[in-house]
Amino acid sequence: MNNSQVEWGAAEDAAPYGAAASPGCRSPPPLLLLFFLLLHLKTGGASSPCDVMTAASAVSSEVQPNETLTHLKTESDTLKTKLEEERAKLHDVELHQVAEKVDGLGQFIMKTRRTLKGHGNKVLCMDWCKDKRRIVSSSQDGKVIVWDAFTTNKEHAVTMPCTWVMACAYAPSGCAVACGGLDNKCSVYPLSLDKNENLAAKKKSVAMHTNYLSACSFTNSDMQILTSSGDGTCALWDVESGQLLQSFHGHAADVLCLDLAPSETGNTFVSGGCDKKANVWDMRSGQCIQSFETHESDINSVRYYPSGDAFASGSDDATCRLYDLRADREVAIYSKESIIFGVSSVDFSLSGRLLFGGYNDYTINVWDVLKGTRVSILFGHENRVSTLRVSPDGTAFCTGSWDHTLRV
Amino acid sequence: MTINTLARGGWDREQMACFQKMEKVIVAMQDPDMGMKMRNQRLLITVIPHAMTGRDMITWLIQKYCICEEEALHISGMLVRYGYVYPLKEPRSLVLRPDESPYRFQTPYFWTSTRWPASELDYAIYLAKKNIRKQGELMEYEKERYSVLHKRINHTWDFVVMQAREQLRASKQRRKADRIVLECQEQAYWLINRPQPGAHNVLDMGLERPNNLSARVTLVSDIITFLYVSYVPVPFVKYSEQYQNHDPIMQGCLPSNPWISDDTAYTRVLGHLVLLVPAFAAPVDLVERWSFSFMELLNDIMGRREFMIYLEKEFSAENLCFWQACEDIRHGESSRIVEKVEEIYKNFLTPGAARWVNVDSKTMDKTLKGIRHPHRFVMDDAQMHIYFLMKKDSYPRYLKSDLYKNLLAKAIMNCPTCLFVLSACSPS
C-alpha cells in the first residue's frame, strides 16, 4: 500500500521513539505509543493553562510498503484507542460542567402562531427568505410553494416534473428559489412579481447528479449553489452557466444534508450522510478537512452554531450531537431514554443557546445547548416533522411535516 | 398460523432502530419486578388475563423516564400505533385512552419487526377467516381488497380457503378468552400492515436510501492530529451569554415578537435609516450586535452602509470597496470573473490608482502573478489581508467614534421600552 507512506506524514527526520520535547516547554509524559511529538503549540485559543501537545501520526521506516490494508487499519485503530486513553487522563472539562455556572433556562411557552395549509402531500423541506417572512416549501407530490408566512398567503406555486422534492432553498436576494429531488437535478426558478406568469417556463437546470438530490443551498449570492446527493457527493455549481465548479468526494454513502459555515472567510461547509459521518470541506480545494464519526446511524441534518466554531447534527439514532471544530471532537450529546425516534432536522436559536430538533415521532424537542438538558417538548404535528428552520432574525422557527402542513 | 419465510432483506435501518428501542420499552414494562402491574379484565362475560389500563401505562412511563404526562401519553400512543399494545374494548381503533380502558401487549410473533413483510397470502387467509366466521364482518375496504386478492391469487385460492377453515377449526377448540385475545392480536397486526385507505400508515418510511457503503478504507481520516489540550469549552458559554439578550425566542424582542403580536405596522425611525429598516428589526438590537464582531457588522446591510460612511470620512473607504468587489468575484457568475478581475486591478491594485489599497508587497506580488491567469479565488489573499486590516484598525475605531455612538443613542431613544434605561444612564 503506497498510500501509507504518503499520507502518514513526511516526518522522516523526526526524533526516534520515546518522548521528544522541543526546547522551552514542560516535558510531556512518556507515551508508549508509536507516535512521537513533533510540535509544541502555544496555548492560543484555549483558556486552560495545561500542556498543549500535538501528536502527529507518522510511520517510521519500519512499516513495509507491502503491508496489507487491514493490518494498517487495525494498527491505526489500536493507536487511536490508546490515544483516547491518554487523552482521557488529561481531565477534559465537559461543556455542561463549564455551563454549571450559567443560569438555567426558565419555562418557555412556545406555541404555533401560524399554520400553513395547502400542500396536498408530505412537506419535505423548507427555507426562509432573508426578509424574515417569506418561506419556500416543497413536498412529495412535486409542488413547491412560496408563502408569505405572516399572512399565510401563497404567493407562488410551481409544480416540478418529479416527485419527492427533498431540497429547496431561497436565494439570498429573495428573487429565486432552487429545488430538486428524484429528478437528480437542482433547478432554479426566478420569482417574478407577476402572479400570472408561468414560473416553470423560466426554469433553469443547474446541477446534475447521478442520484437523488437531498439538499441544496445558495452560497452568499444568487450565483452559486451547493448541492448534496444520494450518489455520495456534494458539488458546487455556477448558476448562470450550470457549470460544475467543485465536487466533493469522501462520503461512503448517500449524503443527506449540508450547511454553509457563517465564518469570516466563508470557505467551508459541513455535510452529513448515511455513512454516519459528518465531514467538513474546504470549498476552494474540494478536500475534506475534518471528519466526525460518532453517530450510530444516518445523519439527517447538520447545522452550524451561530459563531461558526461548532456544528450540531441530528441522526436516526435519536440523538443530536454538538461537535467543536477547533477541538476536533464531539462535545455534547443531546438524548433522552424516552426519545425513541430519530431526528430529522435541527437548528439553533439566534444566540446558540437553544437547539431545536424535529423528530420522527411528530414532536419537537428543545435542548439547552450548554447544559445538555431538554428545555421543552412541543406537540402539534400529526405526522413526522421532516424539516425545521429558525427564521433569519431568530423570532420564530418553522417546521414542515408529513401531515401536509407547516407551522411557525 | 402461517409462517412467514420471507427474508428481511429490504428492511430499513431506520425502522429497525426504532423498533428495537420500542421493544426495549415493552420488555421493561413486562418486567416482573419493575414492570407494570397487570390484572384480569372483564370483557362482557369473559375474563382476559394480563391486561392493563391506559392510565397504568402512562403512570409507569412517567415514573420510569421522569417525563410529563403529555409526553407519556404521546409515547404510549406511539406504542399502540405501532402495534406493540392493542386495545381490547375497541379493537379497530388503535388509539390510547388514558383511562380505564384495557390494553394488552402484542405477542412477539406479531411484532412488526419480526413479521415484516406481511405477505398477500397471509392477508388473504385472514380476510377469508373473517368472512367465514361471520358474514358481513368485513368492512367495505376489506371487502374490496378481498375481491382483488381473489382475482390476483386465484390459483391458490383453494389453499387459502382450506387454511382459513383449518385455523378456525383449531381456534374453536381453544378457550373463549384465548380466542378473543388471538382475534384481537391478529386484527391489530393487520390494521397496521394493511391500514384503511386514508388512514395514517405508520409503516410509511419515505424514500429508501440505497446504502452503497464502499469497502474503501479511507486512510486519510486516520491521520490523527490530536490536540492535547485540556479541553475547556468556554467560548460557547461566552458566545451564548453575549447573544442571549438578542435572542428573540429566549428574551422576547422589542417592542414585540411580530409573530405573536401580529404587528408589522411598527415603523422604526432612526435618522436617515428610516427607509431601510425592515419592520421586524429593533434598531437597538441591531446596532448593539454590530459591536459584537466585525462579521456581524459586515453581514448586516445597514451595518455595512454605516461603516462605509464612516470610512469615507476617514478616507479609507477603498478598503471596504475592494473587499466587496472581491466578494463579488468569489460568489458571482463564472463568465464575468475575468472582467471583474480586470476592473479590480485597474481600480485598486495598479500603482497610482484612484482607490489604491494598501496590501503588503508579498501578497501584492502573489496577487499580480495570479491575475495573469484569473480564477475565482485569485483575490483571496489580498482580500483576507484587507479584511484583517479593517478588523484590527478601522473597526475598533468605528465603535469608539461619535458616528456609532450617536446611532446607538438615537436607537435607544426611539425604542419605547428603553426610555427608562436612558433616563437612568448618565450621559457618556
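Residues numbered from 1 in each chain as written. Chains lettered and ligands numbered in written order. Predicted model: local features only at pLDDT ≥ 70, side-chain atom pairs only at ≥ 80, totals over all residues. Heavy atoms only, no water.

Under the UniProt annotation, the feature "domain: RGS" (unreviewed entry) is placed at residues 293-408 of chain B. Regarding residues 293-408 of chain B, the helix share stands at 75% and the strand share at 0%, and the terminal C-alpha atoms are separated by 16 Å. (UniProt positions renumbered as here; feature names shortened; annotations may be inferred. Helix = DSSP H or I, 4+ residues; strand = E, 2+ residues; numbered from the N terminus.)

All right, on to the environment of B:Ser293 then. All names here are of chain B. Topologically, Ser293 is positioned in the loop between α12 (283-290) and α13 (294-299). With a relative accessible area of 23%, Ser293 lands in the partly exposed category. Placed 98 residues apart in sequence, Ser293 and Lys391 show a C-alpha to C-alpha distance of 8.9 Å. For Ser293, the residues in contact, after removing those within four places along its chain, are Tyr243 and Tyr395. (Buried < 20%, exposed > 50% of the residue type's maximum accessible area, 1.4 Å probe, protein only. Contact = heavy atoms within 4.5 Å.)

A word on unusual backbone geometry. Trans peptide bonds make up most of the peptide bonds, and negative phi angles are found at most residues other than glycine. Look at A:Asn184: it is not a glycine, yet its phi comes out positive at around 65 degrees. Relative to the assigned elements, A:Asn184 resides in the loop between β9 (176-180) and β10 (185-190). Its identity as a non-glycine residue notwithstanding, B:Cys66 has a phi of 50 degrees, on the positive side.

A word on the UniProt feature "repeat: WD" (unreviewed entry) in chain A. Residue and element names in this part refer to chain A. The UniProt feature table records "repeat: WD" (unreviewed entry) at residues 116-157, 206-247, 248-291, 292-333, 343-377 and 378-408. End C-alpha to end C-alpha, residues 206-247 measures 14 Å, and it is 0% helix and 60% strand. Its end C-alpha atoms 13 Å apart, residues 292-333 is made of 0% helix and 55% strand.

This paragraph deals with the environment of A:Lys130. Residues and elements named next belong to chain A. With respect to the helices and strands, Lys130 occurs in the loop between β4 (123-128) and β5 (134-139). C-alpha of Lys130 to C-alpha of Ala176: the two residues are 46 residues apart in sequence and 12 Å apart in space. Beyond its immediate stretch of four places on either side in the chain, Lys130 contacts Pro172 and Pro392.

Attention shifts here to the sheet that holds strand β27 (residues 374-378) of chain A. Residue and element names in this part refer to chain A. Here four strands make up an open sheet; going across it, the order is β24-β25-β26-β27 and the pairing antiparallel. Across the chains shown, the open sheet's two edge strands, defined by having one partner strand only, are β24 (343-348) and β27. Within the sheet, the average angular offset between the axes of one strand and its neighbour, ignoring direction, is 20 degrees. (Pairing = 2+ DSSP bridges. Axes fitted to C-alpha atoms, helices over the stretch in contact; angles between N-to-C directions.)

Turning our attention to helix α16 (residues 337-349) of chain B. All names here are of chain B. Buried within α16 are the following residues: Ile337, Lys340, Val341, Ile344, Phe348 and Leu349. On an axial view of α16, the arc spanned by its buried residues comes to 100 degrees, and they lie on one face. Taken together, the buried residues of α16 touch α15 (317-331) and α17 (361-371). (Arc of directions from axis to C-beta.)

Residue and element names in this part refer to chain B. Examined against the element boundaries, Gln106 turns out to sit in the loop between β4 (102-105) and α4 (112-115). Here the side chain of Gln106 touches Gln185 through a polar contact of 3.2 Å, landing on its backbone oxygen. In contact with Gln106, not counting residues within four places along its chain, are Gly83, Tyr84, Val85, Tyr86, Trp111, Gln185, Ala188 and Tyr189. (Polar contact = N/O pair within 3.5 Å; in protein donor to acceptor, adjacent residues only side chain to side chain.)

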